[in-house]
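Architecture at a glance
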Amino acid sequence: MSKFAENEKVLPLLGSVDLVATATNTQYLDLNQCVGTAEIALNFGLITSTDSTGEVVVTLTANDVTDTSSSDSTETALAFPYRLSAAVATDTMGDITAATSSGVAIANTVDSCTLLIFVDPSAVAAAADGARFVRATITPTAEITSTVVGVVGRYTPRYAGNSIPSST
């Protein structure tokens, strides 16, 4: 039972948009109040391409601040475990797989799927010298003519309840 999301922090990181072939960063997810593993869910709709080589590459980065224009900003690419669902109405999930810090490529033939990225806050802090903020970057290749995607972050908050502290 979800109890109206009182036991889970749900934060929209990117509204559903068509990125076409433009690299786009999500908002940062602050892992400071996270208990256990966080999850970033990328819900893909239609992905179209001019040929069979088009793909969408998803990477994960950590930072110790949310302002990347700051001279104190230290963004670090992260390796991460992920799972990719099959298309809508197929009710199957792919295996848990390890992505390198170069990310994971979603083929243009994989429409209407969900990419689940699992984030261990302690691993983020260790890999990026105390970083607590993570975000995904979605980069369609030049052959992509449409990339419809929306992104949500979620985790169990340290202080669960009806009024959960901000994680932005």
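Residues numbered from 1 in each chain as written. Predicted model: local features only at pLDDT ≥ 70, side-chain atom pairs only at ≥ 80, totals over all residues. Heavy atoms only, no water.

1. A word on the overall build of the protein
- Along the protein, the regular secondary structure elements total 1 helix and 12 strands.
- Starting at the N terminus and ending at the C terminus, the protein contains elements arranged as β-β-β-β-β-β-β-β-β-β-α-β-β.
- Per-residue burial over the protein gives 39% buried out of 168 residues.
- The long-range fraction of contacts in the protein, counting pairs at least 24 apart against all pairs at least 6 apart in sequence, stands at 78%. (Helix = DSSP H or I, 4+ residues; strand = E, 2+ residues; numbered from the N terminus. Buried < 20%, exposed > 50% of the residue type's maximum accessible area, 1.4 Å probe, protein only. Contact = heavy atoms within 4.5 Å.)

2. Some words on the sheet that holds strand S12 (residues 144-157)
- The strand order S1-S12-S4-S10-S7-S8 describes an open sheet built from 6 strands, whose pairing is antiparallel. Whereas interior strands pair on both sides, the edge strands pair on one side only; in this sheet they are strand S1 (9-18) and strand S8 (97-99). On average, each strand axis in the sheet is tilted by 25° relative to the strand beside it, whichever way the strands run.
- When strand S4 (residues 34-49) meets strand S10 (residues 114-119), the two strands line up antiparallel, connected through 6 bridges. Looking at S10, one finds that Leu42 is bridged to Leu115. (Pairing = 2+ DSSP bridges. Axes fitted to C-alpha atoms, helices over the stretch in contact; angles between N-to-C directions.)

3. Considerations on the confidence of the model for the protein
- Here the protein averages 87 in pLDDT, and 87% of its residues register 70 or above.
- Averaged over each element, pLDDT in the protein is lowest for helix H1 (residues 121-127) (90) and highest for S8 (97). (pLDDT = per-residue confidence, 0-100.)

4. So, the nonpolar core
- Grouped together as the largest cluster of nonpolar side chains are 36 residues, with contacts concentrated most on Ile40, Leu42, Phe44, Ile117 and Val134.
- Per-element tally for this core: the top contributor is S4, with 6 residues.
- Setting aside residues no more than four positions away along its own chain, Val134 makes contact with Gln27, Tyr28, Leu29, Leu31, Ile40, Leu60, Thr61, Ala62, Leu78, Val119 and Val124. (Core = buried A, V, L, I, M, F, W, Y, C linked by side-chain atoms within 4.5 Å.)

5. Quick notes on the packing of aromatic side chains
- Following the criterion strictly, the structure yields 2 aromatic pairs and no others.
- Arranged with centres 6.2 Å apart and planes meeting at 70°, the rings of Tyr28 and Phe133 form a pair that is edge-to-face. Linking Tyr28 in the loop between strand S2 (24-25) and strand S3 (29-30) with Phe133 in strand S11 (residues 133-140), this pair joins segments that are 105 residues apart in sequence. Both residues of the pair, Tyr28 and Phe133, belong to the buried class. (Phe/Tyr/Trp six-rings, centres within 6.5 Å; stacked < 30°, edge-to-face > 60°.)

6. Quick notes on the environment of Glu55
- Here Glu55 is to be found in strand S5 (residues 55-63).
- C-alpha of Glu55 to C-alpha of Thr147: the two residues are 92 residues apart in sequence and 9.5 Å apart in space.
- Setting aside residues no more than four positions away along its own chain, Glu55 makes contact with Ala105, Ile106, Ala107, Asn108, Thr139, Pro140, Thr141 and Ile144.

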